[in-house]
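Residues per chain, in single letters:
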Amino acid sequence: MLTLKSIAVEAVPTALAKAQQYRLLGEANEAESICLDILAVVPDHQEALKTLLLALTDKFADFGINPSFEQAREIVAKLDTSHCKAYFSGLVFERRAKFHLRQGGPGAGTEAYNWLVKAMDAFTEAMNECDPKNQDAVLRWNSCARIMNSNPEVRADDGEKGEMLLDPF
């Protein structure tokens, strides 16, 4: 196994800018790698943690939710009190809902609905407990509501399992 090289602490701001740029270019793996390099030298670097969390959730679309979903949730716990953890939890849940919606198939709409509800609950908590001047949670809550309103398949489980086909013989 190869030993990773460390970056200099002085290089952290430039590395963070590169990680954010890679995210914008849709290169989540590269952004994740750079954030891990930053966190290796400054373990509690909040901007690197946030960028890593977003990069992990960016990976849902191409690589699925495992193991990125649980890794993202672990990062939320590492954010300090200057960040609204409820907001970031909501982002993770919202992105998981969108993953299920894109996947499609039986039950995808209900699964998306359940994760959207969790996201909206987290965004509501953020609206009530975090900086009232920051309206990001409102914007995200509205986005979730629009997804639910515009996709008839995104709905709660109605409890019907369908009729079982019985062999008449």
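Given the structure is predicted, the values throughout are model-derived calculations rather than measurements. (Residues numbered from 1 in each chain as written. Predicted model: local features only at pLDDT ≥ 70, side-chain atom pairs only at ≥ 80, totals over all residues. Heavy atoms only, no water.)

What to know about the state of the cysteines
Move 1: All told, the structure shown has one disulfide when counted by the stated rule.
Move 2: Two residues, Cys84 and Cys130, share a disulfide whose sulfurs are 1.8 Å apart. The disulfide joining Cys84 to Cys130 has a torsion of about 70° about its S-S bond and is therefore right-handed. Of the two residues, Cys84 sits in the loop between α5 (68-78) and α6 (85-103) while Cys130 sits in the loop between α7 (108-129) and α8 (136-150), which places them 46 residues apart along the sequence.
Move 3: With relative accessibility at 16%, the residue Cys84 sits in the buried group.
Move 4: Under the relative-accessibility criterion, Cys130 is labelled partly exposed at 22%. (Disulfide = S-S within 2.5 Å. Helix = DSSP H or I, 4+ residues; strand = E, 2+ residues; numbered from the N terminus. Buried < 20%, exposed > 50% of the residue type's maximum accessible area, 1.4 Å probe, protein only.)

Things to note about the confidence of the model for the protein chain
Move 1: Averaged over the protein chain, the pLDDT score is 93; the fraction of residues at 70 or greater is 93%.
Move 2: Counting interchain partners and residues more than four positions distant, the pLDDT-below-50 stretch residues 162-169 has zero contacts. (pLDDT = per-residue confidence, 0-100. Contact = heavy atoms within 4.5 Å.)

A few points about the pattern of salt bridges
Move 1: Scanning all chains against the criterion turns up six salt bridges.
Move 2: Between Glu94 and Arg140 there is a salt bridge; the shortest N-O distance is 2.6 Å. Residue Glu94 is located in helix α6, and its partner Arg140 is located in helix α8; the two are separated by 46 residues in the primary sequence.
Move 3: Looking at Arg140, the relative accessible area reads 21%, which means it is partly exposed.
Move 4: Look at the salt bridges and you will find they share partners, linking Arg23, Asp58 and Arg95 into a network. (Salt bridge = Lys/Arg side-chain N within 4 Å of Asp/Glu carboxyl O.)

Focus: the side chain of Ser68
Move 1: Relative to the helices and strands, Ser68 resides in helix α5.
Move 2: With a relative accessible area of 2%, Ser68 lands in the buried category.

Section: helix α3 (residues 46-58)
Move 1: Here α3 contains 13 residues, and its C-alpha end-to-end distance of 18 Å stays within 8% of the 18 Å for a straight helix at 1.5 Å per residue.
Move 2: The element α3 is largely enclosed, with a buried count of 11 among its 13 residues.
Move 3: Along α3, the residues classified as buried are Gln46, Ala48, Leu49, Lys50, Thr51, Leu52, Leu53, Leu54, Ala55, Leu56 and Thr57. (Expected span 1.5 Å × (residues − 1).)

Observations concerning unusual backbone geometry
Move 1: The omega angle of the peptide bond from Asn66 to Pro67 is 0°, so this bond is cis rather than trans.
Move 2: Within the secondary structure, Pro67 is located in the loop between α4 (60-63) and α5.

Considerations on the packing of aromatic side chains
Move 1: Scanning all chains against the criterion turns up five aromatic pairs.
Move 2: On the basis of an interplanar angle of 50° and a centroid distance of 6.5 Å, the ring pair of Phe60 and Phe69 is categorised as tilted. For the pair Phe60 and Phe69, a shared accessibility class is recorded, and that class is buried.
Move 3: Geometrically, the ring pair formed by Phe69 and Trp115 is edge-to-face, given 5.3 Å between the ring centres and 75° between the ring planes. Residue Phe69 is found in helix α5, and its partner Trp115 is found in helix α7; the two are separated by 46 residues along the sequence. In this structure, Phe69 and Trp115 share a single accessibility class: buried.
Move 4: Joined through ring pairs, the aromatic side chains of Phe60, Phe69, Phe93 and Trp115 make up one cluster.
Move 5: Over the aromatic face of Trp115 sits the side chain of Lys118, whose NZ or CZ is 4.2 Å from the ring centroid. (Phe/Tyr/Trp six-rings, centres within 6.5 Å; stacked < 30°, edge-to-face > 60°. Lys NZ or Arg CZ within 6 Å of the ring centre and 35° of its normal.)

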